[in-house]
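Structural overview for review
One letter stands for each residue in the lines below.
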Amino acid sequence: MDLIRNGSLPSAKGPPDHFTGNVRIDMPFKGTGEATISGVLVSFEPGARSAWHTHPRGQVLIVTAGKGWTQCEGSPIVEINAGDIIVCPPGHRHWHGATPTTAMTHIAVQEAVDGSAVHWMEKVGDETYNAGPSAP
């Protein structure tokens, strides 16, 4: 068993090719041996978001703080809140991030296929992002 102590790994800035705005990545973890699972704690400042992307075996997001938005291709933007769990199916094109006025943090867990857990695509444009969620 490996124990990764809180604070033992440095924070990293979300790469600008994959994120819009200020994003911090903490405590990345990865399975060992034949385990292909990986995960990370991602904090989005207001207005920050991921680019469109897919995961070969899907992804589970656990929102731990704040309020955010997520969107699956072809569906409306949906508000997500602390305590929500989002399950993205394998290969499903989506994005997620904070709202324009509220930060959001989530734990992201996914599995790799052939060494890759994510396929990054183009950034989410301001027009798409600023459309926001539809009123209930």
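Scroll up to find the structure this text is about.
In what follows, the accompanying structure is described. Source: prediction; values computed, not measured.

**Side note on the pattern of salt bridges**
Under the criterion given, the structure shown has six salt bridges. Measuring nitrogen to oxygen at the nearest pair gives 3.8 Å for the salt bridge that ties R57 to E111. Within this pair, whereas R57 is found in the loop between β6 (53-54) and β7 (59-72), its partner E111 is found in strand β11 (residues 104-111), the two being separated by 54 residues in sequence. Across the pair R93 and E122 runs a salt bridge whose closest N-O atoms are separated by 2.5 Å.

**A closer look at the nonpolar core**
Among the nonpolar cores identified, the biggest contains 15 residues, and V23, F44, I86 and M104 are the most heavily contacted of them. Contributions of two or more residues to this core are made by β3 (23-30), β4 (37-44), β7, β9 (85-88) and β11. If you tally residues by element for this core, the top one is β4, at three residues. Among residues more than four places away in sequence, those in contact with M104 are V42, S43, F44, V63, A65, G66, K67, G68, I80, G97 and A98. Membership of the second largest hydrophobic core comes to six residues, among which are W52, W95, V124 and Y129.

**Some thoughts on the side chain of Q59**
Within the secondary structure layout, Q59 lies in strand β7. For Q59, a relative accessible area of 5% puts it in the buried group. There is a polar contact of 3.2 Å between the side chain of Q59 and the side chain of H94. Among all residues touching Q59, those that are not within four sequence positions of it are H53, I86, V87, C88, H94, H96, A108, V109 and Q110.

**Some details on the environment of E79**
You can see E79 is positioned in strand β8 (residues 78-81). A relative accessible area of 37% places E79 in the partly exposed class. As a C-alpha pair, E79 and N22 span 57 residues in sequence and 19 Å in three-dimensional space. Apart from residues no more than four positions distant in its own chain, E79 is found in contact with K67, G68, W69, D84 and P133.

**Thoughts on the packing of aromatic side chains**
Geometry of an aromatic ring pair is reported as the spacing of the ring centres plus the angle between the planes. Taken as a whole and judged by the stated rule, the model has four aromatic pairs. The interplanar angle of 55 degrees and the centroid separation of 5.9 Å between the aromatic rings of W95 and Y129 together place this pair among those described as tilted. Taken together, the residues W95 in strand β10 (residues 94-98) and Y129 in helix α1 (residues 126-130) connect sequence positions 34 residues apart. Just as W95 is buried, Y129 falls in that class too. Among the aromatic side chains, those forming a connected cluster through ring pairs are F19, F44 and W120. Positioned above the aromatic ring of Y129, the side-chain terminus of R49 is 4.2 Å from the ring centre. Sitting above the plane of the W52 ring, R93 keeps its charged end 4.6 Å from the centroid.

Calculation criteria
Residues numbered from 1 in each chain as written. Predicted model: local features only at pLDDT ≥ 70, side-chain atom pairs only at ≥ 80, totals over all residues. Heavy atoms only, no water. Salt bridge = Lys/Arg side-chain N within 4 Å of Asp/Glu carboxyl O. Helix = DSSP H or I, 4+ residues; strand = E, 2+ residues; numbered from the N terminus. Core = buried A, V, L, I, M, F, W, Y, C linked by side-chain atoms within 4.5 Å. Buried < 20%, exposed > 50% of the residue type's maximum accessible area, 1.4 Å probe, protein only. Contact = heavy atoms within 4.5 Å. Polar contact = N/O pair within 3.5 Å; in protein donor to acceptor, adjacent residues only side chain to side chain. Phe/Tyr/Trp six-rings, centres within 6.5 Å; stacked < 30°, edge-to-face > 60°. Lys NZ or Arg CZ within 6 Å of the ring centre and 35° of its normal.

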